[in-house]
There are 2 protein chains.
Amino acid sequence: MRLWPLSNEIRSKQFLKLLEGPDGEPESMIMRVYRQASRVAPGVRIVVATGKKQISAIRNQLGDRVDICVEPDRRDTFPAICLAASFLADERKMPGEEPVIICPVDPYVEDSYFEAFAEMAALAAENRAALTLLGLEPTYPSEKYGYIIPEDGERVSRVAAFKEKPDLSTARQYLAQGALWNGGVFACRLDYLLEKAHERLDFTDYRDLYGRYADQEKISFDYAVAEREDRIQVLRYSGTWKDLGTWNTLTEAMEGHILGKATLNETCENTHVVNELNVPILCMGCKDMVVAASGDGILVSDKGQSSYIKPYVDRIRQQVMYAEKSWGSFTVLDVQEGSMTIKVELMPGHNLYYHSHEHRDEVWTVAQGQGRVILDGVQQKVGPGDVVSMPAGCRHTVFADSWLKIIEVQLGEGISVEDKVKYDMDPRWI
Amino acid sequence: MRLWPLSNEIRSKQFLKLLEGPDGEPESMIMRVYRQASRVAPGVRIVVATGKKQISAIRNQLGDRVDICVEPDRRDTFPAICLAASFLADERKMPGEEPVIICPVDPYVEDSYFEAFAEMAALAAENRAALTLLGLEPTYPSEKYGYIIPEDGERVSRVAAFKEKPDLSTARQYLAQGALWNGGVFACRLDYLLEKAHERLDFTDYRDLYGRYADQEKISFDYAVAEREDRIQVLRYSGTWKDLGTWNTLTEAMEGHILGKATLNETCENTHVVNELNVPILCMGCKDMVVAASGDGILVSDKGQSSYIKPYVDRIRQQVMYAEKSWGSFTVLDVQEGSMTIKVELMPGHNLYYHSHEHRDEVWTVAQGQGRVILDGVQQKVGPGDVVSMPAGCRHTVFADSWLKIIEVQLGEGISVEDKVKYDMDPRWI
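Residues numbered from 1 in each chain as written. Chains lettered and ligands numbered in written order. Predicted model: local features only at pLDDT ≥ 70, side-chain atom pairs only at ≥ 80, totals over all residues. Heavy atoms only, no water.

1. Considering the overall build of chain A
Counting secondary structure elements, chain A contains 10 helices and 29 strands. Rg of the C-alpha trace for chain A: 24 Å, near the compact-globule value of 22 Å for 430 residues, within the 12% margin. By its C-alpha atoms, chain A is 70 × 60 × 40 Å across when sized along the principal axes. Evaluated residue by residue, chain A yields a buried proportion of 53% over its 430 residues. Sequence separation of 24 or more characterises 64% of the internal contacts of chain A that already satisfy a separation of 6 or more. Positive and negative side-chain charges of chain A, numbering 49 and 65 respectively, have mean locations separated by a distance of 1 Å. (Helix = DSSP H or I, 4+ residues; strand = E, 2+ residues; numbered from the N terminus. Rg over C-alpha atoms; globule rule 2.2 N^0.38 Å. Buried < 20%, exposed > 50% of the residue type's maximum accessible area, 1.4 Å probe, protein only. Contact = heavy atoms within 4.5 Å. Lys, Arg positive; Asp, Glu negative; His and termini not counted. Charge placed at Lys NZ, Arg CZ, Asp CG, Glu CD.)

2. Notes on the packing of aromatic side chains
Counted according to the given criterion, the structure contains 28 aromatic pairs over all chains. Centre to centre, the rings of Tyr140 of chain B and Trp181 of chain B are 5.4 Å apart; their planes meet at 80 degrees, and the pair counts as edge-to-face. Here Tyr140 of chain B is found in the loop between β7 (131-136) and β8 (147-150), whereas its partner Trp181 of chain B is found in strand β10 (residues 180-189), with 41 residues between them in sequence. Judged by its relative accessible area of 4%, Trp181 of chain B falls in the buried class. Between the aromatic rings of Tyr147 of chain B and Tyr174 of chain B, the centroid separation amounts to 5.2 Å while the plane-to-plane angle is 55 degrees, which identifies the pairing as tilted. Taken together, the residues span a long stretch of sequence, with Tyr147 of chain B in strand β8 and Tyr174 of chain B in helix α5 (residues 168-176) at a distance of 27 residues. The structure contains a cluster of three or more aromatic residues connected by ring pairs, namely Tyr113, Phe114, Phe117 and Tyr237 of chain A. Note that Arg32 of chain A overlies the ring of Tyr108 of chain A, its terminal NZ or CZ placed 4.0 Å from the centroid. (Phe/Tyr/Trp six-rings, centres within 6.5 Å; stacked < 30°, edge-to-face > 60°. Lys NZ or Arg CZ within 6 Å of the ring centre and 35° of its normal.)

3. Looking at the sheet that holds strand β14 (residues 262-264) of chain A
Strand pairing in a sheet relies on backbone hydrogen bonds. The paired strands run either parallel or antiparallel. Spatially, six strands are ordered β14(A)-β16(A)-β18(B)-β17(B)-β15(B)-β13(B) in an open sheet, and the strand pairing comes out mixed. Each edge of the open sheet carries a strand with a single partner, namely β14 of chain A together with β13 (258-259) of chain B. Here four bridges tie strand β16 (residues 281-284) of chain A to strand β18 (residues 297-302) of chain B, and the two strands are oriented parallel to one another. Its bridge partner lying in β18 of chain B, Ile281 of chain A is registered against Ile298 of chain B. (Pairing = 2+ DSSP bridges.)

4. Some details on the pattern of salt bridges
Applying the stated criterion to the full structure yields 46 salt bridges over all chains. Two residues, Lys343 of chain A and Asp334 of chain B, come together in a salt bridge whose shortest N-O distance is 2.8 Å. Here the residue Lys343 of chain A occupies a position in strand β21 (residues 339-346), and Asp334 of chain B occupies one in strand β20 (residues 328-336), the pair thus bridging two chains. Summarising the burial analysis for this pair, Lys343 of chain A and Asp334 of chain B share the class buried. Salt bridges sharing partners connect three or more residues here, namely Asp334 of chain A together with Lys343, Glu345 and Lys405 of chain B. (Salt bridge = Lys/Arg side-chain N within 4 Å of Asp/Glu carboxyl O.)

5. Describing the relation of the copies chain A and chain B
Two chain copies here: they are related by a rotation about an axis and a translation along the same axis. Mapping chain A onto chain B is achieved by rotating through 179 degrees and translating by 0.0 Å along the same axis, at an RMSD of 0.2 Å. The superposition of one copy onto the other is thereby described by a two-fold rotation axis. Closest approach to the rotation axis among the C-alpha atoms of chain A is made by Leu333 of chain A, whose C-alpha sits 2.9 Å away. Mapped onto chain B, 100% of the interface residues of chain A are again interface residues, and the two copies thus contact each other with one and the same surface. (Least-squares fit on C-alpha atoms with pLDDT ≥ 70 in both.)

6. As for the interface of chain A and chain B
Listed by partner, the interface residues are 56 residues for chain A and 56 residues for chain B. Contact between chain A and chain B buries roughly 4300 Å² in total, counting both sides, with carbon and sulfur atoms accounting for 64%. There are two salt bridges connecting chain A and chain B. Where chain A touches chain B, the interface holds 22 residue pairs in polar contact (both at pLDDT 80 or more). When grouped by side-chain class, the residues that make up the side of chain A that touches chain B number 30 nonpolar, 18 polar and eight charged. (Buried area = accessible area lost by both parts, 1.4 Å probe. Polar contact = N/O pair within 3.5 Å; in protein donor to acceptor, adjacent residues only side chain to side chain. Nonpolar A, V, L, I, M, F, W, Y, C, P; charged D, E, K, R; others polar.)

7. What about the side chain of Thr50 of chain A?
Residue and element names in this part refer to chain A. Relative to the assigned elements, Thr50 resides in strand β3 (residues 47-51). Since its relative accessible area comes to 9%, Thr50 is described here as buried. The residues touching Thr50, leaving out its near neighbours within four places in the chain, are Ile58, Ile68, Cys69, Val70 and Glu71.

8. Some remarks on the packing of helix α3 (residues 77-91) of chain B against helix α6 (residues 190-200) of chain B
Packed helices, taken two at a time, are described by the angle their axes make and the gap between the axes. Residues and elements named next belong to chain B. α6 packs onto α3 with a crossing angle of 125 degrees between their chain directions and a minimal axis gap of 9 Å. Considering the angle they form, α3 stands oblique to α6. In the packing of α3 onto α6, the handedness of the crossing is left-handed. From α3, Phe78, Ile81, Cys82, Ala85, Ser86, Leu88 and Ala89 reach across to α6, where they touch Leu190, Leu193, Leu194, Lys196, Ala197 and Arg200. Across the contact of α3 with α6, the residue classes tally to 10 nonpolar, one polar and two charged. (Axes fitted to C-alpha atoms, helices over the stretch in contact; angles between N-to-C directions. Parallel < 35°, antiparallel > 145°, perpendicular 65-115°, else oblique. Left-handed = near helix turned anticlockwise from the far one by under 90°.)

9. So, the state of the cysteines
Residue and element names in this part refer to chain A. Inspection of every chain in the model, using the stated rule, returns zero disulfides over all chains. Left unpaired, Cys283 is separated from the closest cysteine sulfur, that of Cys286, by 4.4 Å. Exposure remark for Cys283: the relative accessible area of 0% places this residue in the buried category. (Disulfide = S-S within 2.5 Å.)

10. Let's talk about helix α6 (residues 190-200) of chain A
Burial in α6 of chain A covers these residues: Leu190, Tyr192, Leu193, Leu194, Lys196 and Ala197 of chain A. Taken together, the buried residues of α6 of chain A touch α3 (77-91), β5 (99-102), β7 (131-136), β10 (180-189) and α8 (221-224) of chain A.

11. A word on a negative patch on the surface
Together, Glu20, Asp23, Glu25 and Glu255 of chain A make up a region of like negative charge exposed at the surface. With respect to the helices, strands and loops of the structure, Asp23 of chain A is situated in the loop between β1 (19-20) and β2 (26-27). (Patch = residues over 30% accessible without salt bridge, like charges linked within 9 Å, V, L, I, M, F, W, Y side chains within 5 Å. Areas by Shrake-Rupley, 256 points an atom, 1.4 Å probe, with all protein chains shown as cover.)

12. Quick notes on the sheet that holds strand β15 (residues 272-275) of chain A
Taken in spatial order, the six strands line up as β13(A)-β15(A)-β17(A)-β18(A)-β16(B)-β14(B) in an open sheet, and their pairing is mixed. Either end of the sheet is taken by a strand with one partner, and the two such strands are β13 (258-259) of chain A together with β14 (262-264) of chain B. Bridge count for β15 of chain A against strand β17 (residues 289-294) of chain A is four bridges, and the pairing is parallel. What sits directly across from Val273 of chain A, in β17 of chain A, is Val291 of chain A.

13. Details of the pairing of strand β24 (residues 371-375) of chain B
Along a regular strand, successive side chains alternate from one face of the sheet to the other. Residues and elements named next belong to chain B. When you tally the buried positions in β24, you get five out of five residues, the bulk of the element. With burial as the criterion, each face of β24 is covered, one bearing Gly371, Val373 and Leu375 and the other bearing Arg372 and Ile374. Bridge count for β24 against strand β25 (residues 378-382) is five bridges, and the pairing is antiparallel. Considered in β25, the bridge of Arg372 is made with Lys381.

14. A word on unusual backbone geometry
Residues and elements named next belong to chain A. Cis peptide bonds are those with omega within 30 degrees of zero, and the linkage from Trp4 to Pro5 qualifies with 5 degrees. Relative to the elements of secondary structure, Pro5 occurs in the segment before β1. Here the phi dihedral of Lys93 falls at roughly 55 degrees; this positive angle occurs in a residue that is not glycine. Along the chain, Lys93 turns up in the loop between α3 and β5.

If you want it as structure tokens, here you go:
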């Protein structure tokens, strides 16, 4: 939510294509991390642990190159890591002695960060300590991060203590003691994770844990494991590391000042614009500002102020106006009492679920592309200008034979995303 | 254009409902001027001289209470005033000795401004001078206005000279001399205007001038008449007078800081937001700024800078995304290659022209309301969920029996507003 209006319940910050890849193409945080990790360690097995809502975005951005371990509910990091560990052991048959590295998908780092991972993997395999952490050399006494106090100043050192996010003067003391930021990166052997999982959670194997996931305790891996482990060490990393969690830090990592349709006049200074709307933004005399616009809203903020966005967004949050789906995307164009107009875009070869609505009628007008519509089991070809009317209760789906753009008008009282019944598809349609 | 993105080719600043009427309802500049003039001089005949494109907006905002003199082309103020004068004489049979006051529709003034009009009308009827001007007591040495140098400091005085927009130091000299701003208000007898019109323009009567209007010289009334007239005097006005032509001056006249969906956090200072979009705007840490958003674009500007907007807007100008029409309004929702989606809203009892398109098909989905569609002469009733397909060449229109909202998908290459053929309607439909 801190990157509102671009991030929302469905669209997390790690999927926003606000960075620039080596070919000049827009790149998201997760695309960047994947590209860097694959380059530094070609052939490494990458598994993304995530919630259901993110699967479409991950597949759209990374394709089938990554394995996905889906969390059926939202718990904290300890259950999530246990689920991923049992997924690797039971589903992917990974041997217990293999090293595993757990890391967040959204730090903005240089390649040497991933080179440090190779060193951590070797340390984990060596097994002199049970757990190896990555300690980030602090660049300022931050109040936003947890700290690791190492026993000495060596490159690899035992961990003396963990510290919660401190206030400013405490942070200064930590820095004087040679403390490191805790970047949330852990390396260990797979069997260590499984052992810790079974110690605390009651389950037999991956499928069992998956089925009972919602009942698991919400507890962080730091609290459940790292802070209780004596055989723990930290590897120092002194390269670039940025947390692009606010507009202020994110815009620092942007290549240019403008993404999308925008004009900054010559009196603007240190101002960034990210515009996902199809209309132009004109900025005049803006100093140290960020302007971000999407179908969800418009932010106009002083860069420093932008860190304090969360409570305001919580108050104005509204309907999701745009979402990326496994089959393409939808954009809400217009909301009226008793009707809603949506643009549905399907990628070639993709289709919607076969479904019906109880409380609304729908009308599709094909604006672009070719496809096949199924209405109550009957197939028909559609192209530009074709209209399909689906009264409430009518089972329907559409298959895109090329890029397909459809304008959908929903009609009824109390239109809601919850009003959807899914059905199995006839395999002959596919 | 200086109030972009709210003003555009079709929607002039005088129609923007950014002010607040006495009942707390949104009010435009023209509504305010009309309300004030009618209150100060009940029963006065008000004629608006305007171009074709503005007629719908005037009728929507002022109803049938005003007379409209339409300029068939865009010339300067002298031909426009001549046309209006012959309209009054020939079409409205107004006697030549009646006083006429010519004034702009968009000054932000107090009622005493219109009380001064009554005095000007009396001076014009008296006919001691041929032309009476309103001189505004300057509040600062402005470089934006023309000046009138009076012969003395009396309330009514002969005009010694006219001065073009000066530079700052010259403006200061003018103020020291007791100069007045020229507010573009003139009073004289109707026959004086007709005499001047026939002196310079070759025409017989109103209809003749209307027919040959495009051939008339582009020349201002100041240059063609006022600056050449010896029998000319000026009446001083010292009340409030503001030119709401820029965001900077306009926001000063706004009642609150927000129009539309917006949040200003507590670190904002002297910032105004006008939001016509249906998504929220969040402003944080903005100082002395104006943020304005419409279907045409988004402006984020320092208030002082906002006066210099014109060249930037000229560069980014694009398709009109919203327009008020005599029958309601249209809003462009989505533009794709080969298709465009529009929301058409018709007021009860109104209808579109009967028309066809050569190069595009159209599909209507009725989202709300009841109406009657005519397709190639055949009438059918429509309501929510009904779909009407109109291939290229099909003659069509719709009559709204209640508020009617239609989602229109246009399909074809090179979709253009020019692609429209109008036909006469069968009177039985109406």
